[in-house]
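Chain and residue survey
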Number of protein chains: 2
Amino acid sequence: MDVTAGIVIIGDEILSGKFAEENAAFLLARLRALGVRVKRVAIIPDDVEDIGVTVAAAAARFDHVFTSGGVGPTHDDVTMAGIARGMKTQVTIHPVLEEILTSHMGDRMTEAHLRLAQVPEGAILVHGKDGAWPVVCFRNIYILPGVPSILRRKFSSIESRFLTAPFWIGRVFVGADETAVAAHLDSVAHAHPEVGIGSYPRLDDPEVVVIVTVEGKDPDKVQAAFSALGQRLGEAIVRSEPPAAVTPP
Amino acid sequence: MDVTAGIVIIGDEILSGKFAEENAAFLLARLRALGVRVKRVAIIPDDVEDIGVTVAAAAARFDHVFTSGGVGPTHDDVTMAGIARGMKTQVTIHPVLEEILTSHMGDRMTEAHLRLAQVPEGAILVHGKDGAWPVVCFRNIYILPGVPSILRRKFSSIESRFLTAPFWIGRVFVGADETAVAAHLDSVAHAHPEVGIGSYPRLDDPEVVVIVTVEGKDPDKVQAAFSALGQRLGEAIVRSEPPAAVTPP
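Residues numbered from 1 in each chain as written. Chains lettered and ligands numbered in written order. Predicted model: local features only at pLDDT ≥ 70, side-chain atom pairs only at ≥ 80, totals over all residues. Heavy atoms only, no water.

Brief notes about the pairing of strand 9 (residues 168-174) of chain B
Residue and element names in this part refer to chain B. Filter applied, for reference: Each residue gets one of three labels from its accessible area relative to the maximum for its type: buried under 20%, exposed over 50%, partly exposed in between, using a 1.4 Å probe on protein chains only. The secondary structure listing takes helices from DSSP runs of H or I that are at least 4 residues long and strands from runs of E that are at least 2 residues long, numbered from the N terminus. Two strands qualify as a pair provided DSSP detects at least 2 bridges between them.
For strand 9, the tally of buried residues reaches 5 of 7 residues, placing the bulk of the element in the interior. Bridge analysis of strand 9 against strand 11 (residues 210-216) gives 7 bridges, and the strand direction is antiparallel. For Gly-170, the partnering residue across the bridge sits in strand 11 and is Val-214. Relative to strand 12 (residues 237-245), strand 9 is paired through 6 bridges, and the arrangement is antiparallel. Bridged to Trp-168 within strand 12 is Ala-245.

Focus: the relation of the copies chain A and chain B
Here is the rule we go by: Copy-to-copy alignment: least squares on C-alpha atoms, limited to residues at pLDDT 70 or above in both. Working rule for contacts: check all heavy atoms of both residues, and any pair within 4.5 Å makes them a contact.
With an RMSD of 0.0 Å, the fit of chain A onto chain B corresponds to turning through 180° and sliding 0.0 Å along the axis. Put plainly, the chains are arranged around a two-fold axis. When C-alpha distances to the rotation axis are compared across chain A, the minimum falls at Ala-42 of chain A, with a value of 2.2 Å. Looking at chain A, 100% of its interface residues are interface residues in chain B too, so the copies touch through the same face.

Overview of unusual backbone geometry
Residue and element names in this part refer to chain B. In the Ramachandran plot, Lys-88 falls in the positive-phi region, its phi being about 60° despite a non-glycine side chain. One can find Lys-88 in the loop between helix 4 (79-86) and strand 4 (91-93). On the accessibility criterion, Lys-88 (75% relative accessible area) is exposed. The phi dihedral of Arg-139 is positive, around 50°, even though this residue is not glycine. Along the chain, Arg-139 falls in the loop between strand 7 (135-138) and strand 8 (141-144).

Points about the nonpolar core
Within soluble globular proteins, side chains that are nonpolar generally end up buried alongside one another. Keep this limit in mind: We call a set of buried Ala, Val, Leu, Ile, Met, Phe, Trp, Tyr and Cys residues a nonpolar core when their side-chain atoms join them within 4.5 Å.
With 52 residues, the main nonpolar core has Leu-31 of chain A together with Leu-31 of chain B as its most contacted residues. Residues in contact with Leu-31 of chain B, not counting those within four places in the same chain, are Ala-5, Ile-7, Val-36, Val-38, Phe-66 and Phe-155 of chain B. Ranked by size, the runner-up nonpolar core spans 25 residues in total, among them Ala-42, Ala-59, Phe-138 and Ile-143 of chain A.

Some remarks on the interface of chain A and chain B
Accessible area lost when the parts come together is the quantity often used to give the size of an interface. What counts, and what does not: Accessible surface is computed with a 1.4 Å probe, and the buried area is the amount of it that two parts give up when combined, taken over both parts together. The term salt bridge refers to a pairing of a side-chain nitrogen on Lys or Arg with a carboxyl oxygen on Asp or Glu at a separation within 4 Å. Put simply, Ala, Val, Leu, Ile, Met, Phe, Trp, Tyr, Cys and Pro go in the nonpolar bin, Asp, Glu, Lys and Arg in the charged bin, and everything else, Gly too, in the polar bin.
In this complex, chain A contributes 44 residues to the contact, which on the side of chain B involves 44 residues. Summing both partners gives a buried area of about 3,700 Å² for chain A against chain B, and 61% of it is carried by carbon and sulfur. Applying the counting rule to chain A against chain B returns 6 salt bridges. Per-element tally for the side of chain A that touches chain B: the top contributor is strand 2 (residues 37-44) of chain A, with 7 residues. In terms of residue class, the side of chain A that touches chain B is made up of 22 nonpolar, 11 polar and 11 charged. In the sheet, strand 2 of chain A pairs with strand 2 (residues 36-44) of chain B via 3 bridges, with the strands oriented antiparallel.

Some details on the side chain of Thr-79 of chain A
Residue and element names in this part refer to chain A. Here Thr-79 shows up in helix 4 (residues 79-86). Overall, Thr-79 belongs to the buried group, its relative accessible area being 0%. Excluding its chain neighbours within four sequence positions, the residues that come into contact with Thr-79 are Ile-10, Ile-51, Thr-67, Gly-69, Gly-70, Val-71 and Ile-143.

Section: the sheet that holds strand 1 (residues 4-10) of chain A
Stated precisely, the cut-off is as follows: Axis angles are defined between N-to-C directions and span 0 to 180 degrees, where every axis is a line fitted to C-alpha atoms and, for a helix, only to the segment in contact.
With mixed pairing, the 12 strands of this open sheet are ordered in space as 6(A)-7(A)-8(A)-3(A)-1(A)-2(A)-2(B)-1(B)-3(B)-8(B)-7(B)-6(B). The open sheet has two free edges, formed respectively by strand 6 (124-126) of chain A together with strand 6 (124-126) of chain B, since each of these has just one partner strand. The average undirected angle you get between the axes of adjacent strands in this sheet is 25°. Direction of pairing for strand 1 (residues 3-10) of chain B relative to strand 3 (residues 64-68) of chain B: parallel, over a ladder of 5 bridges. Across the sheet, residue Ala-5 of chain B finds its bridge partner in strand 3 of chain B, namely His-64 of chain B.

Pasting the structure below:
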């Protein structure tokens, strides 16, 4: 069985092109290596309603949801409020987060700092290996910060809990163009419904015109589809890489 | 009035991390420079149902929708079928596209080539400045290819039709941390509801701790919010850039 995930990137600054998006690419690569199939990435504004609707839909559809951004102390940080609204609960101050802030800030603690302790009511804290500020988790939703270096550290500290059976992938590098091999791919895809067959044209390589990938969770089925492709495409194949497991680095 | 857009990136190869996503970042930057506000990016699989639901929702909500990917000749290219299903129509061969293919391919024309002429019934062709293969447009949905170099060329050839009033943006570079300025930003944001105030922490700069952006479509309102921020933040400001129009390069 596939373990699935959705990613929700929250931030006007991404949609307006002011900052390049880095977190989706990082999460896609890591979840892939963990064996988790990401079925959707959404990039949405700092808007309470939109966050609520988008995150609630993802939480209902996928095993895990990861959000990025909108968790700071300023007026445009509305992720906690959005998730609370979408999940039909309210925002509350988490006593453990308040405690961490108080012990860190002492007398310098302000209203703005206290916003950092807000969570959707019912959220739990997931303490990762790095021992610092925990990740806030509401049901199957993991609420991560938007700053890329911090998101990477937080995710890495808890990622072992998402590890599942690996993907297996094989590749066939083809010297003929997509229209010439389409019927063969079609036929192999239909005969091997549990294996994903992808076809990707290359424009920058004089020898390899198309890369065909064969992938899935069952190594025997992936191997069978890979062998079928080898027979079908025959002399059009420039070279190939037999199926191997995709594993964490 | 804001002109809005949604972007739908279609492709298993992006979600599986096999290929880096380049088209969303390109479209976000270009639409921004054209004055168009992008309100959502979705990255979804090569799945007829998901494409239909996602694109139909975006077409109903936004002025323009741009899709990328899934328009080649192989079994995993299902964007046209997905959009047709979502928009309650069917796929048909467009006679002008068939004509272009026939004149180009002659006797070498195959079933796979003919798939390239499939469009949702009722689609129109938008011929750009580059004079080659047109962009297929169904109502407010522009259907672009996934290969980044081709997408960039196709979009550039038709982008003048999306040009609208520019965004104005000013920046204030602040030497204090977000919690120290949060109350000021909050107050200015509330007093200037038509101006977007964004606050972005920097971790890599010893001097500038937060970048605050002030933006909107009305230059006078943006200037007023920018001035108010200047007064509020006072000595915390390291430097600032007065509001200027964002224009195409």
